[in-house]
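# An overview of the molecular structure
Each chain, written out:
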Amino acid sequence: MNKSVVLDSDNFKMVLNAQIYKSDPVVNNVILHVTVNSDGFTGVMDMDVGAITLNEFVEQIHSMNVKMKGSATIMETYGESFIRMEFDKTGHIIVCGYMNTFFHKLHFENKFELSYLDRFDKALSDTKSWQYEV
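So, how was this worked out
Residues numbered from 1 in each chain as written. Predicted model: local features only at pLDDT ≥ 70, side-chain atom pairs only at ≥ 80, totals over all residues. Heavy atoms only, no water. Helix = DSSP H or I, 4+ residues; strand = E, 2+ residues; numbered from the N terminus. Rg over C-alpha atoms; globule rule 2.2 N^0.38 Å. Axes fitted to C-alpha atoms, helices over the stretch in contact; angles between N-to-C directions. Parallel < 35°, antiparallel > 145°, perpendicular 65-115°, else oblique. Left-handed = near helix turned anticlockwise from the far one by under 90°. Contact = heavy atoms within 4.5 Å. Nonpolar A, V, L, I, M, F, W, Y, C, P; charged D, E, K, R; others polar. Core = buried A, V, L, I, M, F, W, Y, C linked by side-chain atoms within 4.5 Å. Buried < 20%, exposed > 50% of the residue type's maximum accessible area, 1.4 Å probe, protein only. Phe/Tyr/Trp six-rings, centres within 6.5 Å; stacked < 30°, edge-to-face > 60°. Pairing = 2+ DSSP bridges.

Turning next to the overall build of the chain. In terms of helices and strands, the chain carries two helices and nine strands. Counted from the first residue to the last, the chain has its helices and strands arranged as β-β-β-β-α-β-β-β-β-α-β. The C-alpha radius of gyration of the chain comes to 14 Å, within 12% of the 14 Å expected for a compact globule of 134 residues. A principal-axis box enclosing the C-alpha atoms of the chain has dimensions of 45 × 35 × 25 Å.

To continue, consider the packing of helix α1 (residues 51-67) against helix α2 (residues 114-125). For the pair α1 and α2, the least separation of the axes is 9 Å and the interaxial angle reads 140°. Considering their axes alone, α1 and α2 lie oblique with respect to each other. Crossing geometry of α1 relative to α2 is assigned as left-handed. Contacts from Val58, Ile61, His62, Met64 and Asn65 in α1 reach Leu117, Asp118, Phe120, Asp121 and Leu124 in α2. Its residues assigned to classes, the contact of α1 with α2 shows six nonpolar, two polar and two charged.

It is worth spelling out the nonpolar core at this point. Of all hydrophobic cores here, the largest spans 35 residues; its most connected members are Leu16, Leu32 and Met85. If near-sequence neighbours (up to four positions away) are discounted, methionine 85 is found in contact with Leu7, Met14, Ile61, Met64, Gly70, Ser71, Ala72, Ile93, Ile94, Val95, Phe112 and Phe120.

What follows concerns the packing of aromatic side chains. Applying the stated criterion across every chain yields a total of two aromatic pairs. An angle of 85° between the planes, with centres 6.3 Å apart, marks the rings of phenylalanine 112 and tyrosine 116 as edge-to-face. Grouping residues by exposure puts phenylalanine 112 and tyrosine 116 together as buried.

The subject of this paragraph is the sheet that holds strand β5 (residues 71-75). Ordered by their spatial adjacency, four strands build an open sheet running β5-β6-β7-β8, and the pairing between neighbours is antiparallel. Every other strand in the sheet has two partners, leaving β5 and β8 (105-112) as the edge strands with one partner each. The sheet shows a mean angle of 10° between the axes of neighbouring strands, direction not considered. Pairing of strand β7 (residues 93-100) with β8 involves eight bridges; the strand directions are antiparallel.

As defined by bridge partners, strand β2 (residues 12-20) adjoins strand β3 (residues 30-38) across nine bridges and the pair is classed as antiparallel. Bridging from a neighbouring strand, methionine 14 pairs with valine 36 of β3. Taken together, the nine bridges between β3 and strand β4 (residues 41-49) define a ladder with antiparallel strand orientation. Along β4, the bridge assignment pairs threonine 35 with valine 44. In this structure, the hairpin formed by β3 and β4 is closed by a connection of two residues, where aspartate 39 is found at a positive phi of approximately 55°.

This part takes up the environment of glycine 97. As for its placement among the helices and strands, glycine 97 is situated in strand β7. On a C-alpha basis, the gap between glycine 97 and glutamate 80 in space is 9.8 Å, while along the polypeptide they are 17 residues apart. Dropping the residues within four chain positions of it, glycine 97 is found in contact with Phe82, Ile83, Leu106, His107 and Phe108.

Written out as structure tokens, the structure is:
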């Protein structure tokens, strides 16, 4: 699984790649592999999401980047894990989330400056670089 998209700021890094089961009729037909490093704390998990949910997240990130306002959230279909990004009052992006596996839980929150959002948006738009069909 070499394909991934990376958001890498000063003290926050998130790596995403998606395994899409197009022929699977279930709602959560995407395994979103997530790695988060927030100021030295690291979590790795797989989130079960739907292709529509994943596309909405990508569109929300793009809208945030273009409009310089708003938020983007992706949440597991049947779980508690999520990732959320939104603008704060100073124009920085707050990223927060909850990663829950059978044995570990990680709540994280960090922020980064706007220029990283533009790079992340452009990388997300190149879906062939981080999504693959099974």
